[in-house]
Amino acid sequence: MANDTIKHGSVFEPGSFFPRSIQELGPVFQFFIGPVSKSIIIADLQEIEDIFLRTRNSALEQSDMSITSFQGTIPYGSVALKTNEMWRNHRRVTAPLMTPKHLNEMTPAIATNARALVAYWEKNIDIMRKHDAVCFSCRHDFAMGTLESRKNVRELTEIGQVPEAAKCMIDLVTWMESVPGGASLPEHELKDEVITFLFGGHDTTSAALQWGVKFLTENPEAQRTLHAELHAVFGDLSEDRLMTYADVTSLDKTPYLEAVVAEVLRCARVAEGTRRKTTAPLNILGHDIPVGADLIFISPTAASVTTKTAEPSIRAYDKVRSETSLKHGFLGKGYWDDDTEEFKPERWIVEDEKTGKKTFNPKAGGSLPFGLGPRSCPGKALAILELKIYLATINLAFFLGPVPKELSGNGAVIQVTRSPLQAYIAPKPWSDA
């Protein structure tokens, strides 16, 4: 494992420990770290979907390791809570933030920040030209929002000021508290939930955007296809015309943008696994799992091996699947071609043979970037909105040219999220592409 981490950046990369183990041991196996720490790995996508969406999910709880990891800093954040009444109340308070009404209200700020990033890169391009440079790192450009949020949160603690990025959440909670019977949170719980909201959202979106610009840099034809679609829909956005919520939420208007975002999330694998603890005995693909077991669901890796070639071996486990898994199957999803290591937005596109119309197919194949079930990522809708607006704004403004080989590696590092070790770009106006 240590060698895999050194060679690949993590044990989840293609050809490293976990993909090899799935091939050798199957989709359920026990994994030991040291003499006492042991976990059970689950890597069958159909079974993962069934467990989280149906009755077996009631036998799962947030893992002790996950709770311990966050209790020291945000003990009242959702990620540090068991699935109890406090956690459910937090979800009742935060869920309305992800409704179309509130996402629509957040969109101008997101679009303004994306436009500001374009202006910042334009200055960097001028600097590059003056110094005969060919590219620059954008790794911290997407993370600036996270860093500023952390600074503001510290100020909130030290001098009692409300950070700008949290105002929409604070305002919403205040409004809900004013409604008879509305949900509310004590101040210390609200503070930790705001920090969870800021850190979780900014860190994961920042990592996904870094991967996104890398993937597009490596795939110039995908850039051109996306640019043609966006230019046909939006033209050249003027400085006083920001993208709106309606602009980027119509599947008919921008199917290729939908496909690019889906493929970025599939390939970026920002969250490599989900940990849970069993509170009741479970049977998973014929294996009896005892109470108190630590389970790790490695959905992105499982999705990458759910291919047409592997279909016969996957279907061989049907004889030991649960009744609900057999009844619902793979939720209508297809099996990927064997090129799952490639960034190919076209895999999500279906073309009508008669009309030639292209549409986005969200069930083209397996991908679970936000998890499933009651404890899935609560910020899914906001993250997708941000990815669409940023990637569309960047693509309308720039063609991302090639980067020197020594600065274009796809190595990764996993801290809280899986981020690229290198995130260099060479943006240029489309007139120079």
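Check the entry above for the structure.
Described in the following lines is the structure provided in the data block. Throughout, a residue's number is its position along its own chain's written sequence, starting from 1. The predicted nature of this model means local features are confined to residues of pLDDT at least 70 and side-chain atom pairs, given and counted, to a pLDDT of 80 or more, with totals for whole chains, interfaces and linings taken over all residues. In computing side-chain properties, one takes all heavy atoms of the structure into account and sets aside hydrogens as well as water.

So, the overall build of the chain
Helix and strand assignments follow DSSP, with helices taken as H or I runs no shorter than four residues and strands as E runs no shorter than two, numbered in order from the N terminus. In terms of regular secondary structure, the chain is built from 15 helices and 14 strands. Throughout, exposure labels follow a simple rule: accessible area from a 1.4 Å probe, protein chains only, divided by the maximum for the residue type, with under 20% read as buried, over 50% as exposed, and the rest as partly exposed. The proportion of buried residues among the 433 residues of the chain is 48%. Contact definition: two residues touch when any of their heavy atoms are within 4.5 Å. For the chain, contacts bridging at least 24 residues in sequence account for 72% of all contacts bridging at least 6. Areas reported as accessible are Shrake-Rupley estimates using a 1.4 Å probe. Residue values count occlusion only from the protein chains shown. Entry remark: accessible area of the chain is about 21000 Å², with carbon and sulfur atoms responsible for 56%.

Focus on the pairing of strand β5 (residues 274-278)
Here strand β3 (residues 60-62) runs beside β5; their pairing, made up of 3 bridges, is antiparallel. Residue E61 lies in a different strand from β5, and its bridge partner there is K277. Sheet topology places β5 next to strand β8 (residues 294-297); 4 bridges connect them, and they run antiparallel. By the bridge assignment, K277 is partnered in β8 with D294. Strand pairing is assigned whenever DSSP detects at least two bridges linking the two strands.

Comments concerning the nonpolar core
Burial of nonpolar side chains together is a common tendency in soluble globular proteins. Here, the term nonpolar core denotes a set of buried Ala, Val, Leu, Ile, Met, Phe, Trp, Tyr and Cys residues that are joined through side-chain atoms within 4.5 Å. In this structure, W121, F142, V213, V260 and F343 are the most contacted members of the largest nonpolar core, which totals 62 residues. When contributions to this core are tallied by element, the ones reaching two or more residues are α6 (100-130), α9 (187-217), α10 (220-234), α11 (255-268) and α15 (380-397). F142 has contacts with L117, W121, S206, L209, Q210, V213, Y390 and I394, leaving out every residue within four places of it along the chain. Grouped together as the second largest cluster of nonpolar side chains are 34 residues, A43, I51, A59 and I284 included.

Here we look at the environment of F360
Looking at the secondary structure, you find F360 in strand β10 (residues 358-360). Using a relative accessible area of 15% as the deciding quantity, one classes F360 as buried. For the pair F360 and R347, spaced 13 residues apart in sequence, the C-alpha to C-alpha distance is 9.3 Å. In contact with F360, not counting residues within four places along its chain, are L251, P255, E258, A259, A262, W348 and I349.

Regarding the packing of α10 against α11
Between α10 and α11, whose axes approach to 8 Å, the crossing angle comes to 140°. With respect to each other, α10 and α11 are oriented oblique. Of the two elements, α10 crosses α11, and the hand of that crossing is left-handed. Counted together, A222, T225, L226, E229 and L230 of α10 and P255, Y256, L257 and V260 of α11 form the full contact between these two elements. In this analysis, axes come from line fits to C-alpha atoms, helices being fitted only over the stretch in contact, and the angle between any two N-to-C directions falls in the range 0 to 180 degrees. Convention used here: angles under 35 degrees read as roughly parallel, angles over 145 as roughly antiparallel, angles from 65 to 115 as roughly perpendicular, and any remaining angle as oblique. Handedness of a crossing follows from how the near helix is turned relative to the far one, being left-handed for an anticlockwise turn of less than a right angle and right-handed for a clockwise one.

Comments concerning the packing of aromatic side chains
Only the six-membered ring of Trp is used, alongside the rings of Phe and Tyr, when aromatic pairs are assigned; centres must lie within 6.5 Å, and planes under 30 degrees apart are stacked while those over 60 apart are edge-to-face, with the rest tilted. In total, this model carries 16 aromatic pairs according to the counting rule given. Aromatic side chains W121 and F142 sit 6.0 Å apart centroid to centroid with 75° between the ring planes, which places their arrangement in the edge-to-face category. Here the residue W121 occupies a position in helix α6, and F142 occupies one in helix α7 (residues 139-159), the gap between them amounting to 21 residues. Where F142 meets Y390, the ring centres are 6.4 Å apart and the plane angle is 75°; that geometry is what we call edge-to-face.

Points about the layout of surface pockets
Summary: where empty space remains is shown by rolling a probe the size of a single water molecule over the atoms. What the second largest pocket holds in volume is close to 630 Å³. A pocket here means an open set of points on a 1 Å grid, computed over the protein atoms alone, that has protein on both sides within 12 Å along at least five of seven lines. A cavity is instead a set of points where a 1.4 Å probe fits but cannot get out; residues with an atom within 4 Å of a point line either one. Taken together, 25 residues form the lining of the second largest pocket, with P362, P369, F370, K380 and I384 sitting closest to its centre. Contributions of two or more residues to the lining of the second largest pocket are made by α11 and α15. Counting residues per element, the lining of the second largest pocket draws most heavily on α11, which supplies 4 residues. Gly is put with the polar residues, along with every residue not named as nonpolar or charged; the nonpolar set is Ala, Val, Leu, Ile, Met, Phe, Trp, Tyr, Cys and Pro, and the charged set is Asp, Glu, Lys and Arg. Of the residues belonging to the lining of the second largest pocket, the class tally is 14 nonpolar, 5 polar and 6 charged. Grid points are joined across faces, edges and corners, and a volume is the space filled by probe spheres set on the points.

Here we look at the sheet that holds β5
In spatial order, the strands read β1-β2-β8-β5-β3; together these 5 strands make up an open sheet with mixed pairing. The open sheet has two edge strands, β1 (28-33) and β3, and neither has a second partner. If you compare each strand with its neighbour and ignore which way they point, the axes differ by 40° on average. Where helix α3 (residues 45-53) meets the sheet, its contacts fall on β2 (37-42), β3, β5 and β8, and the angle it forms with β8 comes to roughly 120°.

Re the pattern of salt bridges
Salt bridges, as used here, are contacts in which a Lys or Arg side-chain nitrogen is within 4 Å of a carboxyl oxygen on Asp or Glu. Scanning the entire structure with this criterion turns up 26 salt bridges. E49 is the partner of K333 in a salt bridge, and the nearest nitrogen-oxygen pair spans 2.8 Å. With K333 in the loop between α14 (323-328) and β9 (349-351) and E49 in helix α3, the pair connects residues that are 284 residues apart, well separated along the chain. Relative accessible area serves as the criterion here: at 16%, K333 is assigned to the buried category. For the salt bridge of D339 with R347, the shortest nitrogen-to-oxygen distance reads 3.1 Å.

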